[in-house]
Amino acid sequence: LGRGSAKMAASVSHPKPWHGIIHLLIFVWYMFTLCYNCSQLISSRHPGTQSYGGRWKYLTFINLVLQTVFFGVCFVTDVTQLFPLRVVSSFLTKLRNVLFSVLAFPLGSFVFLSFWSIYLYDRELVYPKRLDDIIPVWLNHALVSTDLGNSTVKSTVICLLNAGTECKCIAY
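Predicted, not measured: the structure shown is a model, and the values here were computed from it. (Residues numbered from 1 in each chain as written. Predicted model: local features only at pLDDT ≥ 70, side-chain atom pairs only at ≥ 80, totals over all residues. Heavy atoms only, no water.)

1. Quick word on the overall build of the chain
Alright, step 1. Within the chain, the secondary structure is distributed over eight helices and zero strands.
Alright, step 2. Along the chain, helices and strands appear, N-terminal first, in the series α-α-α-α-α-α-α-α.
Alright, step 3. Counting all 172 residues of the chain, 42% fall into the buried class.
Alright, step 4. Accessible area for the chain stands at about 9,900 Å²; split by element, carbon and sulfur atoms hold 72% of it. (Helix = DSSP H or I, 4+ residues; strand = E, 2+ residues; numbered from the N terminus. Buried < 20%, exposed > 50% of the residue type's maximum accessible area, 1.4 Å probe, protein only. Areas by Shrake-Rupley, 256 points an atom, 1.4 Å probe, with all protein chains shown as cover.)

Laid out in structure tokens, this is it:
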């Protein structure tokens, strides 16, 4: 094996079943939240879903879709690491790390910090009281609060559980 092959083999981590379980649980949570957010119950009453751009004009919705895709990629990466598919697993590991460090964590952090900063300043600017009857409280928190928490807790817990091994990437 040359240096490049050894480096590529080292970039693919050894599979840990609890990684996949954590990623699957978070992915299922995001899928449920996404489906409920797009349900007819919410869509028919929410004024913003009927106008130009629909839900896609809301950064919280774009972030929800991105987090769902990211945790789906995390789960698929964990599954492929259980099988001898080094090329696919290596590609997915790199994709997961790039998605996390470039999109998922920065966007989730921005949505969380900007929403709650504006909400504390003047709630009507970002989440008017009339939306309380349309969007349940738990869904609002699922859209803006859990992103930063899921990403931070996931990376912290996984790094702590990997004590004794080097944590090269926060998305591990």
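2. Here we look at the side chain of D78
Alright, step 1. Structurally, D78 can be placed in helix 4 (residues 59-80).
Alright, step 2. In this structure, D78 is buried with no salt-bridge partner, the nearest side chain bearing the opposite charge being R96 at 4.3 Å. (Lys, Arg positive; Asp, Glu negative; His and termini not counted. Salt bridge = Lys/Arg side-chain N within 4 Å of Asp/Glu carboxyl O.)

3. Digging into the pattern of salt bridges
Where charged atoms from two side chains of opposite charge come close, those side chains can pair.
Alright, step 1. Applying the stated criterion across every chain, the model contains one salt bridge.
Alright, step 2. Notably, a salt bridge pairs R123 with D132, separated by 2.5 Å at the nearest N-O pair.
Alright, step 3. Since its relative accessible area comes to 34%, D132 is described here as partly exposed.

4. Brief notes about the packing of aromatic side chains
Alright, step 1. Overall, the coordinates contain 14 aromatic pairs when judged by the stated rule.
Alright, step 2. Look at Y36 and W138: their rings are 5.1 Å apart centre to centre, the planes differ by 50°, and that puts the pair in the tilted class. In this pair, Y36 is assigned in helix 2 (residues 17-37) and W138 in helix 7 (residues 137-144), connecting sequence segments 102 residues apart.
Alright, step 3. Owing to a relative accessible area of 33%, W138 belongs among the partly exposed residues under this scheme.
Alright, step 4. Between W56 and F61, the ring centres sit 4.9 Å apart and the planes meet at 85°, which makes this aromatic pair edge-to-face.
Alright, step 5. Of the residues examined, W56 reaches a relative accessible area of 53% and is grouped as exposed.
Alright, step 6. Within the aromatic cluster, the residues linked to one another by ring pairs are Y30, F70, F71, F100 and F105. (Phe/Tyr/Trp six-rings, centres within 6.5 Å; stacked < 30°, edge-to-face > 60°.)

5. Let's talk about the packing of helix 2 against helix 7
Alright, step 1. Two elements in contact, helix 2 and helix 7, have axes whose closest approach is 11 Å; the angle formed by their N-to-C orientations is 120°. Comparing the axis directions of helix 2 and helix 7 gives the class oblique. As for the relative orientation of helix 2 and helix 7, their crossing is left-handed in sense. For the pair helix 2 and helix 7, contact is made by W29, F32, T33, Y36 and N37 and by W138, L139, A142 and L143, respectively. (Axes fitted to C-alpha atoms, helices over the stretch in contact; angles between N-to-C directions. Parallel < 35°, antiparallel > 145°, perpendicular 65-115°, else oblique. Left-handed = near helix turned anticlockwise from the far one by under 90°. Contact = heavy atoms within 4.5 Å.)

6. Here we look at the nonpolar core
Alright, step 1. Of all hydrophobic cores here, the largest spans 26 residues; its most connected members are F70 and V144.
Alright, step 2. Tallying contributions element by element places helix 4 first for this core, with eight residues. (Core = buried A, V, L, I, M, F, W, Y, C linked by side-chain atoms within 4.5 Å.)

7. Some details on the state of the cysteines
Alright, step 1. In total, this model carries zero disulfides according to the counting rule given.
Alright, step 2. C38 takes part in no disulfide bond, and the closest cysteine sulfur to it belongs to C35, at a distance of 7.3 Å. (Disulfide = S-S within 2.5 Å.)

8. Examining the confidence of the model for the chain
Alright, step 1. Mean pLDDT over the chain stands at 80; residues scoring 70 or higher make up 78%.
Alright, step 2. When pLDDT is averaged over each helix and strand of the chain, the minimum, 45, is found for helix 1 (residues 3-11) and the maximum, 93, for helix 6 (residues 123-126).
Alright, step 3. Scored below 50 in pLDDT, residues 4-12 shows 10 contacts in the model against residues more than four places distant or in partner chains. (pLDDT = per-residue confidence, 0-100.)

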